[in-house]
Amino acid sequence: MLKNLDDDSHVKTRISQYEALKNGKGIDIAKQIVIAKILGQNQLLKKYGLRQHDVMRAKEVIDEVGITDLPLLRNKLTNIEGRFTRGYFEQIFQLFPCELRPDKRRGFQAYDGINNLFSLGYELLFWKCYRALSKAHLETHLGFVHVLKWARPSLVCDFEELYRYLIDDFLIGFSKGMKPNDFAARTIMFNDKKGKRMYLNKTKTSELLKKLHDYFRSIVNVPRIKMGKRQEIESLINEEAFLLAKYMRGEKPNWTPRIAELR
């Protein structure tokens, strides 16, 4: 059997990831993820001339959370993030065609087409993040903001938060000129009740997937780790996973997720 000499290089990373639950790094990572999500949302709000979050106040509120117990911290951070995100979606939904516009963000079992459009975009992002974290030898089921829920790998759910604003920006552009007949209804059963959920029709779904794959190859002005001042979005996701792993192993003194500016 031929085996790469670095085949067990993931061991130190995994041990460091488990230790982060107790040594304070997990708390720092959780806070950095929530702050980065708010900063990303601000990029989109700024691009479209909408009311931006008070980032300084958000950082103050998050930094003031003195909880050192990670499960309790999760609840606190989730509440803070939720307040900002609700206001964010209230604004960006106004950028969608009025005949398709939902009243609020719904994820699981949403019935309207736009919310299911977001879920589709986020699902593709989820697997990009899953691949990046796996390549960095991180345990995808050991997260710091999210807990394991519905068998969804919690670290992937954490990491996905850093880039949701990019998907939001893509979907705003993709939805321009869309009509109700771009969606098709499917009858489903949920909690013993029958209902109709709206999804993109097959033609539009194929178009979205192709354009979204191309979008991940678009260039952002974020320097690469080794050389170069720009890189593709997918490369950025892969590099950020490696930087997170290096921080956990103690090879970096801190970890601050890099946020790409929107143009």
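As a reminder, the structure under discussion sits directly above these lines.
Every value quoted in this text rests on a predicted model; they were computed, and no experiment measured them. (Residues numbered from 1 in each chain as written. Predicted model: local features only at pLDDT ≥ 70, side-chain atom pairs only at ≥ 80, totals over all residues. Heavy atoms only, no water.)

Student: I tried to follow helix α1 (residues 10-19) on my own but got confused; where do I start?
Tutor: Helical geometry note: an α-helix holds 3.6 residues per turn, so side chains three or four residues apart project in the same direction. Within α1 the residues assigned to the buried category are T13, S16 and Q17. Buried residues in α1, looked at end-on, bunch into an arc of 105 degrees, giving them a common side. Where α1 is buried, its residues meet α6 (154-160) and α9 (233-248). (Buried < 20%, exposed > 50% of the residue type's maximum accessible area, 1.4 Å probe, protein only. Helix = DSSP H or I, 4+ residues; strand = E, 2+ residues; numbered from the N terminus. Arc of directions from axis to C-beta. Contact = heavy atoms within 4.5 Å.)

Student: Would you explain the nonpolar core in this entry?
Tutor: One recurring pattern in soluble globular proteins is that nonpolar side chains are buried together. Counting 74 residues, the largest nonpolar core has F118, F159, Y163, I237 and W255 as its most contacted members. Counting only elements with at least two residues in this core, the list comes to α2 (25-47), α3 (55-63), α4 (70-92), α5 (113-135), α6, α7 (164-175), α8 (202-216) and α9. Beyond its immediate chain neighbours, meaning those up to four positions away, F159 contacts C129, L133, I237, E240, A241, L244 and W255. (Core = buried A, V, L, I, M, F, W, Y, C linked by side-chain atoms within 4.5 Å.)

Student: Could you clarify how one ought to interpret unusual backbone geometry in this entry?
Tutor: Note: most peptide bonds trans; most residues except glycine with negative phi. The backbone of H137 sits at a positive phi, close to 65 degrees, despite the residue not being glycine. Tracing the backbone through its elements, the reader meets H137 in the loop between α5 and α6. Overall, the relative accessible area of 32% leaves H137 in the partly exposed class.

Student: What exactly am I supposed to notice about the pattern of salt bridges here?
Tutor: Any two side chains of opposite charge can pair, so long as their charged atoms come close to each other. A complete count under the given rule lists 21 salt bridges for this structure. Close ionic contact of K204 with E207 constitutes a salt bridge, the shortest N to O distance being 3.5 Å. Of this pair, K204 and E207 both sit in helix α8, separated by three residues, roughly a single helical turn. We classify K204 as buried; its relative accessible area is 16%. The exposure class of E207 is partly exposed, given its relative accessible area of 27%. Across the pair R258 and E239 runs a salt bridge, and its minimum N-O distance is 3.2 Å. Of this pair, R258 sits in the segment after α9 while E239 sits in helix α9; the two residues are 19 residues apart in sequence, bridging distant segments of the chain. Salt bridges sharing common partners tie together K37, E81, E160, E161 and R164. (Salt bridge = Lys/Arg side-chain N within 4 Å of Asp/Glu carboxyl O.)

Student: Honestly, the packing of aromatic side chains in this entry has me stumped. Any pointers?
Tutor: Centre distance and the angle of the planes are the two values used to describe a pair of aromatic rings. This model, assessed by the stated rule, comprises 13 aromatic pairs. Seen from their ring centres, F126 and Y130 are 6.5 Å apart, and the 40 degrees between their planes marks the pair as tilted. With a gap of four residues between them, F126 and Y130 both fall in helix α5, about one helical turn apart. A relative accessible area of 1% means that F126 is categorised as buried. In this structure Y130 comes out as partly exposed when scored by relative accessible area, which is 26%. Among the aromatic side chains, those forming a connected cluster through ring pairs are Y88, F89, F93, F96, F118 and Y122. (Phe/Tyr/Trp six-rings, centres within 6.5 Å; stacked < 30°, edge-to-face > 60°.)

Student: I'm lost on the environment of L138 in this one. Help?
Tutor: Note on placement: L138 falls in the loop between α5 and α6. With residues near it in sequence (within four places) discarded, L138 still touches T13, R14, Q17, L133, L155, A241, L244, A245 and M248.

Student: What is the right way to look at α2 in this model?
Tutor: The first and last C-alpha atoms of α2 sit 33 Å apart over 23 residues, in line with the 33 Å expected at 1.5 Å per residue. In terms of residue burial, α2 counts as a mostly covered element, since 19 of its 23 residues are buried. Directly beyond the C-terminal end of α2, a positive phi value near 70 degrees is found at G49. (Expected span 1.5 Å × (residues − 1).)

Student: Teacher, can you tell me more about the packing of α5 against α9 here?
Tutor: The relative placement of two packed helices is expressed as an angle between their axes plus a distance between the axes. The N-to-C vectors of α5 and α9 enclose an angle of 40 degrees; their axes lie 8 Å apart at closest approach. On the basis of the axis angle, α5 is oblique to α9. The handedness of the crossing between α5 and α9 comes out as right-handed. In contact with L125, K128, C129, R131, A132, L133 and K135 of α5, α9 contributes E234, I237, N238, A241 and F242. (Axes fitted to C-alpha atoms, helices over the stretch in contact; angles between N-to-C directions. Parallel < 35°, antiparallel > 145°, perpendicular 65-115°, else oblique. Left-handed = near helix turned anticlockwise from the far one by under 90°.)

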